[in-house]
Amino acid sequence: MFLVSVNALSQQIQQAIVFKYSAAEARAIAHAYLNMKCGVNTLEILMDKAVEEPADFTADLARLSAGVPLQYVTEKAYFFDRLFSLNSATLIPRPETEELVGQVLKLIGNKEKHILDIGSGSGCIAITLALEAPHAQVTAWDVASEAIEKGRENAEELGANVIFKQQDVFAWEKEGQMWDIIVSNPPYVLESEKIDMEAHVLDHEPHLALFVPDEDPLRFYRVIGEMAQARLTPGGHLCFEINRAFGAQNISLAEAQGFENIQVVQDFNGNDRMLIAQQSSH
């Protein structure tokens, strides 16, 4: 077995990508790569542990230098301190979405809730809820078969009991299982916002899971809200991640659809990021 200095690998990565990222970002990406591919932690990197060079290191380096996000190079990302596998049909999980999961966990408490995650992607929301609240029963929907396959794979790998179903939310049926909580992080980035986005997001993350037309930015919120009115139990909750620019509009839509106790919760950056609304209890 041929061992190399972990710092030597780190320096190669940083030198390959520093023109695309700041020095601090390049160092963080290098360390995260080494953690995922070589299993080393920050202390072991500082101690310059000797490791086996990943078999596909040269190819990975080329992809990183071309601007492919680390999570798609390694096909892995952390969410709630768990490592999830990704593919081209799944978004990279964001810290803001961890906050959404935290809000849902508060609503679950220690009760046996039936929960539906719409647009599940890698399964990070549904799987985390199932693992953090094992008394809950969690179902996950996604329109993309590749996402459903990846979600099932992650659930099996992480030991989570989640029911995955390929389902287009625009084809929801009025009759069916009732849910205590419906949670969704639907597409909410405007087409016009592409101009301000980083190339590594725009070029590599699935547009199906990101973008909505400028003329109808709340299209997913509208249809999910309509479904929730029919399929939430009395007093049940609808929980969304939202575009920070549309907090007021999301509130107005939820009010018009008949929800109660509507609140917008800010994320750790102070942006409107989550909407929590309640189905009428009568």
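Structural notes, computed from the coordinates. As the structure is a computational prediction, the values presented were derived from the model and not from experiment.

Criteria and cut-off values
Residues numbered from 1 in each chain as written. Predicted model: local features only at pLDDT ≥ 70, side-chain atom pairs only at ≥ 80, totals over all residues. Heavy atoms only, no water. Buried < 20%, exposed > 50% of the residue type's maximum accessible area, 1.4 Å probe, protein only. Helix = DSSP H or I, 4+ residues; strand = E, 2+ residues; numbered from the N terminus. Pairing = 2+ DSSP bridges. Axes fitted to C-alpha atoms, helices over the stretch in contact; angles between N-to-C directions. Contact = heavy atoms within 4.5 Å. Salt bridge = Lys/Arg side-chain N within 4 Å of Asp/Glu carboxyl O. 1 Å grid on protein atoms, 1.4 Å probe; cavity = no way out; pocket = protein on both sides within 12 Å on 5 of 7 lines; lining within 4 Å. Points joined across faces, edges and corners; volume = space filled by probe spheres on them. Nonpolar A, V, L, I, M, F, W, Y, C, P; charged D, E, K, R; others polar.

Moving on, we get to the pairing of strand E3 (residues 76-79). Side-chain alternation along E3 places Ala77 and Phe79 on a buried face and Lys76 and Tyr78 on a face that remains uncovered. Two elements, E3 and strand E4 (residues 82-85), share 4 bridges in a ladder whose sense is antiparallel. When the sheet's bridge partners are listed, lysine 76 is paired in E4 with serine 85. Between the antiparallel neighbours E3 and E4 lie 2 residues, among them phenylalanine 80 with a positive phi of about 55°.

On to the sheet that holds strand E5 (residues 114-118), then. Across the sheet, which stays open at both edges, the 7 strands sit in the order E7-E6-E5-E8-E11-E13-E12 with mixed pairing between neighbours. Because the sheet does not close on itself, it has two edges, and the strands there are strand E7 (162-166) and strand E12 (260-266). Strand-to-strand twist of the sheet, defined as the mean angle between neighbouring strand axes without regard to direction, takes the value 15°. For strand E8 (residues 179-184) and strand E11 (residues 232-241), the ladder comprises 5 bridges, and the chain directions are parallel. Bridge assignment links tryptophan 179 to a residue of E11, and that residue is leucine 232. Sitting on the sheet, helix H10 (residues 219-231) is in contact with E5, strand E6 (137-142), E8 and E11, with an inclination near 160° to E11.

With that settled, the discussion passes to the pattern of salt bridges. This structure, assessed with the given rule, holds 6 salt bridges. Between arginine 82 and glutamate 132 there is a salt bridge, with the nearest N and O atoms lying 2.8 Å from each other. A residue pair is termed long-range when its members are at least 10 positions apart, and arginine 82 in strand E4 and glutamate 132 in helix H7 (residues 124-132) qualify at 50 residues. Salt bridges sharing common partners tie together Lys37, Asp56 and Asp60.

For the coordinates displayed, the defined rule picks out 1 cavity of 30 Å³ or more. The calculated volume of the largest cavity comes to roughly 40 Å³. Lining of the largest cavity is provided by Tyr221, Gly225, Leu238, Phe240, Asn250, Leu253, Ala254, Gln257, Phe259 and Leu275. If you list the elements that add at least two residues to the lining of the largest cavity, you get H10, E11 and helix H11 (247-256). For the lining of the largest cavity, the element with the most residues is H11, which contributes 3 residues. Classifying every residue of the lining of the largest cavity gives 7 nonpolar, 3 polar and no charged.

H7 sits mainly inside the fold: 7 of its 9 residues count as buried. For H7, the set of buried residues is Cys124, Ile125, Ala126, Ile127, Thr128, Leu129 and Ala130.

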